[in-house]
Amino acid sequence: MSATTNTSKLHRAARLMMTRRYRYWLIAAIIVALIYYAWGEFTRTRGAQKVSFRPAEETCGTSGSLRYCVYRDRRGSNGDVVYHMHGRNLDERIWNDDTYMTALIQSEWQRRPKLPPTVVTVSYGSTWLLTPKGEKPDSGLLDDLMARLPAIEAKIGRPRRRLLMGESMGGLNVLIAGLSYPSRFAKVAALCPGVYSTSPFASLSTIRATMQRTGANPKIIFGVWMLARKYAANDAEWQRVSPLALIERAGPAYPALYMSNGLYDVYGNFEGSQRLVEMARKRGVKTEWHPLYGGHCATDVASLAAFLSS
């Protein structure tokens, strides 16, 4: 037998061994993947804790690019109107969701003898920020909203008082609206609002220091940074809507504030919310502060429901 033949056989044997080795690794990888999938299916959440309540009557409509829904308790209304602004990736139909915080508010109201307010949820889409008209094409929603409220109220009836409520992105939006037009609203409830002591137009090192100080998630802060720059062209435009800037011109006649935030808010909003509360109280604004031991949008529903219906 020639040396060439022996070498060829050795090469074939080596290739066969390598093929078998890869085959074993492939089989092992498939088994691991199947086990991982099976474990994921076995342990995945299959339900949700639902709230027991009577959903409010719902009527929805549009006004330009603004979508809104009117929610009335079946027992009636106390004459007030709460304009609700939702958080990111939600919409104007969230009020009757039986797995969401808004259902807990309704449940709390229904346990009380007093009639609750009418609720009008408003939305410009899944993500939006109320800003005056500026250099950015998407700016101007604050002007648009305030111009459209009279037409909505012409359909639902003029309210005894206008109130604002919002969470997260919506919490920032209600602060912007309430502090920009203080004579138009009686109360503002801002839950886990996107209030930061650092401008999104600050230096990267300053933003990094803020993240470290507040425990904010970097990916979330990047999203907030992108959102702010979609609606404001520079820091001067941002200061027109920053609640910490707006509160500096506040006084005792401003809307009563309800503020809440979780200590371990991954958006890093606790610091800014607490600072806003301190500034509001110094300016004589009636302010209710609920610092909570929890994460983003942890909410004391009982006190919130009482604030909105009193």
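Structure shown above.
Rules behind the numbers
- Residues numbered from 1 in each chain as written.
- Predicted model: local features only at pLDDT ≥ 70, side-chain atom pairs only at ≥ 80, totals over all residues.
- Heavy atoms only, no water.
- Helix = DSSP H or I, 4+ residues; strand = E, 2+ residues; numbered from the N terminus.
- Buried < 20%, exposed > 50% of the residue type's maximum accessible area, 1.4 Å probe, protein only.
- Contact = heavy atoms within 4.5 Å.
- Areas by Shrake-Rupley, 256 points an atom, 1.4 Å probe, with all protein chains shown as cover.
- Lys, Arg positive; Asp, Glu negative; His and termini not counted.
- Charge placed at Lys NZ, Arg CZ, Asp CG, Glu CD.
- Pairing = 2+ DSSP bridges.
- Right-handed = clockwise from strand over helix to strand, strands pointing away.
- Core = buried A, V, L, I, M, F, W, Y, C linked by side-chain atoms within 4.5 Å.
- Patch = residues over 30% accessible without salt bridge, like charges linked within 9 Å, V, L, I, M, F, W, Y side chains within 5 Å.
- Salt bridge = Lys/Arg side-chain N within 4 Å of Asp/Glu carboxyl O.
- Arc of directions from axis to C-beta.
- Axes fitted to C-alpha atoms, helices over the stretch in contact; angles between N-to-C directions.

S.K.: Give a detailed account of the overall build of the chain, specifying residues and quantitative values.
M.R.: Along the backbone of the chain there are 10 helices and eight strands. Its C-alpha atoms give the chain principal-axis dimensions of about 105 × 45 × 40 Å. Burial status across the chain gives 48% buried among its 310 residues. Sequence separation of 24 or more characterises 75% of the internal contacts of the chain that already satisfy a separation of 6 or more. Split by element, the accessible area of the chain, about 16000 Å² in all, is 57% carbon and sulfur. The average position of the 41 basic charges and that of the 24 acidic charges among the side chains of the chain differ by 8 Å.

S.K.: Can you tell me about the pairing of strand E7 (residues 256-262), naming the residues and giving the values?
M.R.: With seven of its seven residues buried, E7 lies for the most part within the structure. By the alternation rule, side chains of E7 split into Ala 256, Tyr 258, Ser 260 and Gly 262 and Leu 257, Met 259 and Asn 261, which are all buried. Relative to E7, strand E6 (residues 187-191) runs parallel, the two sharing five bridges. Bridging from a neighbouring strand, Ala 190 pairs with Met 259 of E7. Here E7 pairs with strand E8 (residues 287-292) via six bridges, running parallel. Bridge pairing in E8 places Met 259 opposite Trp 289. Assessed by its sense of winding, the connection that carries the chain from E7 through helix H9 (residues 270-282) to E8 is right-handed.

S.K.: Before we move on, could you go through the nonpolar core and cite the residues and values that matter?
M.R.: Nonpolar side chains tend to gather and get buried jointly when the protein is soluble and globular. Counting 52 residues, the largest nonpolar core has Met 85, Val 120, Trp 128, Leu 130 and Ile 247 as its most contacted members. Setting aside residues up to four positions removed in sequence, Ile 247 forms contacts with Leu 179, Leu 257, Leu 276, Met 279, Ala 280, Arg 283 and Val 285. Core analysis: the second largest hydrophobic core is formed by 23 residues, Ala 56, Tyr 71, Ile 94 and Ala 256 among them.

S.K.: Summarise a nonpolar patch on the surface; cite the residues concerned and give the values.
M.R.: The grouping of Tyr 24, Ile 27, Ile 31 and Ile 35 at the surface amounts to a nonpolar patch, some 430 Å² of accessible area in total. Mapping Ile 31 onto the fold places it in helix H1 (residues 3-43). Look at Ile 31 and you get partly exposed, because its relative accessible area is 45%.

S.K.: Just give me the short version of helix H5 (residues 204-214), but keep the residues and values in it.
M.R.: Those residues of H5 not exposed but buried are Ile 207, Thr 210, Met 211 and Thr 214. Seen from one end, H5 has its buried residues packed into an arc of 100°, which puts them on one side. Tucked into the core, H5 has its buried residues touching helix H6 (218-231) and H9. Taken from the residues just after H5, Gly 215 is the one with a positive phi, measuring 75°.

S.K.: An account of the side chain of Asp 80 is needed here, citing residue identities and associated values.
M.R.: Summarising the element assignment, Asp 80 is placed in the loop between strand E2 (66-72) and strand E3 (81-85). Sequence-distant contacts of Asp 80, that is, excluding residues within four places in its chain, are made with Pro 117, Thr 118, Arg 160, Arg 161 and Leu 163.

S.K.: Could you give an account of the pairing of strand E5 (residues 162-167), naming the residues involved and the relevant values?
M.R.: Burial runs high along E5: six of the six residues are buried. Because side chains alternate across E5, one face comprises the buried residues Arg 162, Leu 164 and Gly 166, and the other comprises Leu 163, Met 165 and Glu 167, equally buried. Strand direction decides the pairing type here: E3 and E5, joined by five bridges, are parallel. Residue His 84 lies in a different strand from E5, and its bridge partner there is Met 165. Of the strand pairs in this sheet, E5 and E6 are connected by five bridges, and their pairing is parallel. Along E6, the bridge assignment pairs Leu 163 with Lys 187.

S.K.: An account of the sheet that holds E8 is requested, with residue identities and associated values reported.
M.R.: Ordered in space as E1-E2-E4-E3-E5-E6-E7-E8, the eight strands form an open sheet in which the pairing is mixed. Edge strands, defined here as strands with exactly one partner in the open sheet, are strand E1 (57-63) and E8. Neighbour-to-neighbour, the strand axes of this sheet turn through a mean angle of 15°, independent of strand direction. Looking at chain direction, E3 and strand E4 (residues 118-123) are connected through five bridges and run parallel. Paired with Tyr 83 across the bridge in E4 is Val 120. Strands in contact with helix H4 (residues 169-180) are E3, E5, E6 and E7; relative to E5, the strand with the most contacts, it is inclined by about 150°. Here helix H10 (residues 301-309) sits on the sheet in contact with E3, E5, E6, E7 and E8, set at roughly 160° to E6.

S.K.: Outline unusual backbone geometry, listing residues and values.
M.R.: Not every positive phi belongs to a glycine, and Ser 168 is a case in point at roughly 60°. If you trace the backbone, Ser 168 turns up in the loop between E5 and H4.

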